[in-house]
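# Breakdown of the fold
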Amino acid sequence: MSPVIEVRDLRKTYGNGDTAVHALRGLDLIVQKGEYIAIMGASGSGKSTLLNILGCLDIATSGQYLLDGIDTGEFDEEQLSLLRNRKIGFVFQSFNLVPRTTALANVELPLVYAGVRRAQRRERALAALELVGLQDRTHHRPNELSGGQQQRVAIARALVTSPAIVLADEPTGNLDTESSREVLGILDRLNASGRTVVLITHEDEVASHAMRTVRVVDGKVAGVLV
Amino acid sequence: MRIFEIAAFAVRGLTANKMRSGLTTLGILIGVASVILLIAVGNGASSAVQQSIAGLGTNILTISPQRAQPGSTAKPLTTADAAALVSQDSPDVKYASPVVSAQATAGYGDTTHDIGQFIGSDPRYFDTTNSSVAQGNLFSDNDVQQARKVVVIGATVATELFPGTDPVGKSMLVNNIPFTVVGVLAAKGSSGLQDADDMAVAPLSTTQNALTGYGSLTQIVVQAQSADALPNAQAQVTTILNGRHKITDTADYRILSQDQLLTARTATTETFTVLLASVAAISLLVGGIGITNIMLVTVTERIREIGIRKAVGAPRSSILGQFLIEATLLSLFGGALGVAAGMIGSQFTIAGIQPVLVPSSVLLAFAVSALIGLFFGSYPASRAAKLRPIEALRHE
């Protein structure tokens, strides 16, 4: 069975000439289906760049990235948006909910772009919100929710399309201990139910939830901790 | 595709900032309303002119002197010319009224009024210009012969100088010369650019004596026996005047029939309409630029939101669609309100002109407003659509 993520010799360079910044310098990574992986590294190590490329939000300068067996290298923006919609659920450190829009509408958003019908959309969004324990907050707007609740809405949005992977960029970075525990609990349960999860963190406590920890140093994988 | 949902996003985007959306709509509203209204005013003016010229009757010729060039041998039109036009040689000419006109200031008691046109002529003038008397009487041939200082005034002059009193029999000063008001003409209304009632008519002899002197006449108004006799009358008048003025090649006078007058005046009001419409079109353009401006601000302000939408898989086309629909809704809404405002506004008399709505201008203005949304919204919308997701998300 092919891995969910297969990355070979991934390079990313910002700018060019003398001022070029090499964020990734030939990184290899394989994530199998159902794995829970934590990526750790100092700030500037390239871990965020890696996650953005894995999430198809950014494009590598060179190297190969197979997502669920699909080579993303030749994809144009239109096909990448389709991949983001169908294969990837992304959770951001800063939640990134659409402002002035209810939790339910936020969770429905990926389904709208996927062309799911209204009734089915509502049903799936409500199920996702129930999964994160927010069934009684469906009509609250982001500014009426706590940070932890907002992040749980974001997770519901990430998983509502049943993506191949859930990517989380420091999901607990902006949260207090209590909310962090809730969010990590949800990610644990997601993984337990078979979902592949890749998250970035710099807290060992968070990384301890993962099956293995990948250390990124200077744009390369420096070591894997199982 | 999911056009309905995308339109719903657009509506939500607009209602999120009602004040801004309202002001942008106002820009388009004013543009559309002014296009409709100003075209209606221009149209109203030209139909008023047509009516007033049609009121002259179809058997009238107007002879006016050609402006004398320095060194030219142009002869003035004289009372004798006018008298000579009614003779055995011109069986188709019924009357020929000599006309002089002057600027004059009239005074009564403490009030003064600048009369638009002070005309000296004979009693036939009233007939040829379709003027009827509302109060008092017209002056007679006898008044002309005796050069009596009598005057018939237009409705505007009557209300300006004699508010609340009956002007008939009163003595009014015209350039400090006392004239007795013998009658007031029935109101004719404005003929577009000038008030047809801001006038006074006195006997030719008196006017020449008191105001204009005995130089050239301003016009000779010729009435033919009938409308059918007009071409013959014109030929006879030409022969007589050419003989009297010893014309060999270019005439030193001009004969205009009512048809020609109509063509000339219609051309004038068309120019006027085009002028008004272009001013209005400019305001519509400014409204469109307002839409671009607001949409650019909206896009910049919502870059993060665009990034979020892209991150969850919004294709380029749906982002483009969302912002295009926002812009088009703004302009369509403004256009619809503008049509309403224009149609309501054209029910009122504006600057003495009753606007006449042109249905095609309503359709045109509305269609243009919709296109303006698409056109001026397309730049900001494509900018939003082209944003790279990661850059949009990083934007603060």
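Sequence order as written defines the numbering, with residues in each chain counted from 1. Labels follow written order: the first chain is A, the first ligand is 1, and so on. It should be noted that, the model being predicted, local features are given only for residues of pLDDT at least 70 and side-chain atom pairs only at 80 or more, the latter also being counted only at that level, while totals for whole chains, interfaces and linings use all residues.

As recorded in an unreviewed UniProt entry, chain B goes by Putative ABC transport system permease protein and comes from Lentzea waywayandensis.

Chain A carries the name Putative ABC transport system ATP-binding protein in an unreviewed UniProt entry, which gives Lentzea waywayandensis as its organism.

Once that is clear, we can look at the overall build of chain A. From N to C terminus, chain A includes seven helices and 10 strands. A burial count over chain A gives 46% of its 226 residues as buried. Across chain A, the fraction of contacts at a sequence separation of at least 24, relative to all contacts at a separation of at least 6, is 70%. Here a strand is any run of E in DSSP of at least two residues, a helix any run of H or I of at least four, and the numbering for each starts at the N terminus. Residue burial here comes from a neighbour count, namely the number of other C-beta atoms, placed from the backbone, that lie within 10 Å of the residue's own C-beta, with 20 or more meaning buried, 12 or fewer meaning exposed, and in between meaning partly exposed. The contact rule is simple: place each C-beta atom from the backbone, and if two of them lie within 7 Å, those residues are in contact.

Glancing now at the interface of chain A and chain B. The interface is formed by 21 residues belonging to chain A together with 16 residues belonging to chain B. Listing elements by their share of the side of chain A that touches chain B, those giving two or more residues are helix H2 (77–87) and helix H3 (103–114) of chain A. With six residues, the single largest contributor to the side of chain A that touches chain B is H2 of chain A. When the residues that make up the side of chain A that touches chain B are grouped by side-chain class, the tally is 10 nonpolar, five polar and six charged. Ten residue types, Ala, Val, Leu, Ile, Met, Phe, Trp, Tyr, Cys and Pro, are classed as nonpolar, four, Asp, Glu, Lys and Arg, as charged, and the remainder, Gly among them, as polar.

Along the chain, Ser318 of chain B falls in helix H11 (residues 316–345). Ser318 of chain B sits in the buried class, given 21 other C-beta atoms within 10 Å. In this structure, the C-alpha to C-alpha distance between Ser318 of chain B and Ile3 of chain B, residues 315 residues apart in sequence, is 8.1 Å. Ser318 of chain B has contacts with Tyr113 of chain A together with Arg2 and Ile6 of chain B, leaving out every residue within four places of it along the chain.

Turning to the confidence of the model for chain B, a few remarks are in order. A score from 0 to 100, pLDDT tells how confident the predictor is in each residue. For chain B, mean pLDDT is 82; residues scoring 70 or higher make up 94% of the total. The lowest-confidence element of chain B is helix H9 (residues 258–301) of chain B, averaging 80 in pLDDT; the highest-confidence one is strand E5 (residues 150–153) of chain B, averaging 91.

Moving on, we come to the sheet that holds strand E5 (residues 70–71) of chain A. All names here are of chain A. The pairing criterion for strands is at least two bridges between them, as found by DSSP. Spatially, four strands are ordered E2-E1-E4-E5 in an open sheet, and the strand pairing comes out antiparallel. If you trace the sheet from one side to the other, it starts and ends with strand E2 (21–31) and E5, each paired once. Pairing between strand E1 (residues 5–14) and E2: eight bridges, direction antiparallel. Bridge assignment links Val7 to a residue of E2, and that residue is Leu29.

Residues and elements named next belong to chain A. Positionally, Gln149 belongs in helix H5 (residues 147–159). Residue classification places Gln149 among the buried positions, given that 20 C-beta atoms sit within 10 Å. As for Gln149 and Ser179, which are separated by 30 residues in sequence, their C-alpha atoms are 7.9 Å apart.

Residue and element names in this part refer to chain A. Within the secondary structure, Ile30 sits in strand E2. A tally of 14 C-beta atoms within 10 Å means that Ile30 is categorised as partly exposed. Linking Ile30 and Ile5, residues 25 residues apart in sequence, is a C-alpha distance of 5.5 Å. Ignoring anything within four residues of it in the chain, the contact list for Ile30 reads Pro3, Ile5 and Glu6.

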